[in-house]
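Structure assessment
The residues making up each chain are set out below.
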Amino acid sequence: MNRNLQAIILAAGKSTRFNTKQSKLTEKICGQEMILYPTKLLASLGIATTVVVGYQREIVESLIRKNHGERVKFVHQKEQIGTGHALLCTQELWDKKHILILNGDVPLINSDLINSLYQKHIKENAQVTFVTAHNIDPSLSAYGRVVQEGNKIKIIEAKDDKEERKEHCCINAGIYLINKDFLQTAIHELEKSKVTGELYITDLIHNASDKGLKVETVSTSFDIIRGINTLQELWAVEQIKRSELIKYWMDKGIRFYAAQNNHIDLNVTIGAGTSIGASVQLYGSTKIGNNCVIEAFSILENAVIEDHANIKSHSVVKDAIIKNKSIIGPFAHVHSDTIVSTQANIGNFVEVKKSEVGANTKIKHLSYIGDAQIGNDVNIGAGTITCNFNGLTKEKTKIEDNVCIGSNNSLIAPICIGKDACTAAGSVITRDVPADALAIARAHQINKEEYSKKLKQPAFYGAKKVHNDTTTV
Ligand code: UD1
Ligand code: MG
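Read on for a plain summary of the structure. (Residues numbered from 1 in each chain as written. Chains lettered and ligands numbered in written order. Predicted model: local features only at pLDDT ≥ 70, side-chain atom pairs only at ≥ 80, totals over all residues. Heavy atoms only, no water.)

1. A word on the sheet that holds strand β37 (residues 422–423)
Spatial ordering of the open sheet is given by β12-β15-β18-β21-β23-β25-β28-β31-β34-β37-β39, a layout of 11 strands whose pairing is parallel. Two strands bound the open sheet, and with one partner strand each, they are β12 (255–256) and β39 (438–439). Two strands pair when backbone bridges link them, and strand β18 (residues 293–294) and strand β21 (residues 310–311) are joined in this way by two bridges, in the parallel orientation. Residue pairing for β21: Ile294 is matched across the bridge by Ile311. (Pairing = 2+ DSSP bridges. Helix = DSSP H or I, 4+ residues; strand = E, 2+ residues; numbered from the N terminus.)

2. Considering helix α4 (residues 111–123)
The terminal C-alpha atoms of α4 lie 18 Å apart, and with 13 residues this matches the ideal 18 Å at 1.5 Å per residue to within 8%. Along α4, the residues classified as buried are Leu113, Ile114, Leu117, Tyr118 and His121. Across the axial projection of α4, the buried residues extend over an arc of 130 degrees, all falling on one side. For α4, exposure combined with an orientation more than 90 degrees from the buried face picks out Asp112 and Lys123. Elements in contact with the buried residues of α4: β1 (5–11), α1 (36–44), β6 (98–103), β7 (128–134), β10 (170–179) and β11 (215–220). Phi turns positive one or two residues past the end of α4, at Asn125, with a value near 50 degrees. (Expected span 1.5 Å × (residues − 1). Buried < 20%, exposed > 50% of the residue type's maximum accessible area, 1.4 Å probe, protein only. Arc of directions from axis to C-beta. Contact = heavy atoms within 4.5 Å.)

3. What to know about unusual backbone geometry
Cis geometry is found at the peptide bond from Gly329 to Pro330, where omega equals 5 degrees. Looking along the chain, the bond that leaves Ala413 and enters Pro414 is cis, with omega of 5 degrees. Its place among the elements puts Pro414 in the loop between β35 (410–412) and β36 (415–417). Positive phi is not limited to glycine here, since Ser15 has a value of about 55 degrees. The residue Ser15 is located in the loop between β1 and β2 (28–29) in this model. Take Ser15: its relative accessible area is 10%, and that puts it in the buried class. In the Ramachandran plot, Gln343 falls in the positive-phi region, its phi being about 55 degrees despite a non-glycine side chain.

4. Thoughts on the pattern of salt bridges
Under the criterion given, the structure shown has 15 salt bridges. We note a salt bridge from Arg57 to Glu61, for which the minimum N-O separation is 3.3 Å. Taken together, the residues span about one helical turn, with Arg57 and Glu61 both in helix α2 (residues 57–68) at a distance of four residues. Judged by its relative accessible area of 28%, Arg57 is partly exposed. Taking the shortest distance from any N to any O, the salt bridge between Glu189 and Lys211 comes out at 2.7 Å. Residue Glu189 is found in the loop between α5 (180–186) and α6 (203–210), and its partner Lys211 is found in the loop between α6 and β11; the two are separated by 22 residues along the sequence. (Salt bridge = Lys/Arg side-chain N within 4 Å of Asp/Glu carboxyl O.)

5. Here's the deal with the coordination of the magnesium ion (ligand 2)
For the magnesium ion (ligand 2), the protein coordination sphere consists of Asp105 (OD) and Asn229 (OD1), at 2.1 to 2.2 Å. Placement of Asp105 in the loop between β6 and α4 and of Asn229 in the loop between β11 and α7 (231–251) is noted, with a sequence separation of 124 residues between them. By relative accessible area, Asp105 is classed as buried at 10%. (Donors = N, O, S within 2.8 Å, 3.2 Å for Na, K, Ca; no water.)

6. What about the site of ligand 1?
Neighbouring residues of ligand 1: 25 residues in total, closest Leu10, Gln77, Thr83, Glu157 and Asn172. Contacts to ligand 1 include Ala12, whose backbone N or O atom sits 2.8 Å from an oxygen atom. For ligand 1, an oxygen atom lies 2.8 Å from a polar atom in the backbone of Gly82. Protein burial of ligand 1: of its 760 Å² of free accessible surface, 93% is covered by the chains. Placement of ligand 1 is best described as lying within the largest pocket. Looking at the shell around ligand 1 residue by residue, the classes come out as 10 nonpolar, 11 polar and four charged. (Near = heavy atom within 4 Å. Polar contact = N/O pair within 3.5 Å; in protein donor to acceptor, adjacent residues only side chain to side chain. Areas by Shrake-Rupley, 256 points an atom, 1.4 Å probe, with all protein chains shown as cover. 1 Å grid on protein atoms, 1.4 Å probe; cavity = no way out; pocket = protein on both sides within 12 Å on 5 of 7 lines; lining within 4 Å. Sits in = over half its atoms within 2 Å of the grid points. Nonpolar A, V, L, I, M, F, W, Y, C, P; charged D, E, K, R; others polar.)

Written as structure tokens, this is what we have:
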């Protein structure tokens, strides 16, 4: 197939109906930009591809280059005056017998569809073969309507359709296979639409049919060829993609407790026996091992979660590695190249940034750990802060194996707490602590005997004060 076939993807349009100013082709669907769906599909089929770019061309081009290198060619459509004109701009590059043309905003198409389009085209020896689908929802009537009268076939654009042919539920998918020889003549015969002033690629169907040439269609399910012209349509398509992915992972042995409100990106992987709670969102290149528990409302982005780990509810793990059997959360935030080793425990309201946490180490309550290297079997008391920023530079904290940091410590970096050392609760540690030492760094306590009784006397606060009213002192 790829030997006598080349593909053109139309991606120059202004995305006017999105109302976002951004090209819709760079919007992500389950973590991958819309335009990369057709480019990757064609690359997987080995079909040489040209993309027509125009609106926000630099952004679209660099995105494709980043993924395909120099294998994809680009043609610039300077003025966006219709899909027919976009195709016309590529004529210099037509060098194969059949030209496959795809709209860039139809991301759910698959290789089966391209194969059946090609097979039909070749088998029927057609000049033009295009994909159709049935859509009975009149609110989605922006599609071109396929109208057959006798042995003639044409596509009428919704915006040009004076007869409001809503009963015509056969729509044009925007995927065409056209013989180069026919195209080379017909492309110059396109006329501007009287309504929009644009050149429509769809008029090629009419042209071929009028000349008595063979026009064939391949019908497919509407969901596969849903086009995206609005944010609502983007949402609908992403919903379909997301469901596909979730169903795929269900079949691999993953339990989704409330699949209807989970999100999962294309490149996420999950091991068998893992369970995913309600509203969990899995983004980017997140990899989850076997038999993990990811509890409700947690968000994982580019995270590596090893086997048997438990991410408790409402936790955020981003760009971090959580090793075997560790427990994170609830309400923890672990991010920025952090590594949490085996069986460690990062508890509630703990933030860990750019740090390494050793095996069996526990940081269970209300702490901030930043730019730190923490050894194995360390216990960090509640409310501990690594004071890593002096206003100008970020400094490192090192805590060696088996250290016990008392509650409510401030560890002023740069600092090192030696192996087996302890720090007293409430300490502000400003200097290194040697191995095996106990560091106490807090104000001395003074106990004034019997003084409390005195405090409770009305006279203590002056004659005007009401008994027991100490709050206004
Ligand atoms: C198009 C079809 C319609 C079909 C629908 C399927 C035409 C005239 N209509 O309508 O029959 O049912 O797709 O989804 O083709 N583009 C350019 N240059 C331009 C204009 C558009 O490159 O000057 C690109 C867009 O970026 C987009 C694609 O062509 O990727 C289709 O354009 P769009 O405006 O989405 O066409 P539809 O109105 O959806
Ligand atoms: Mg469209």
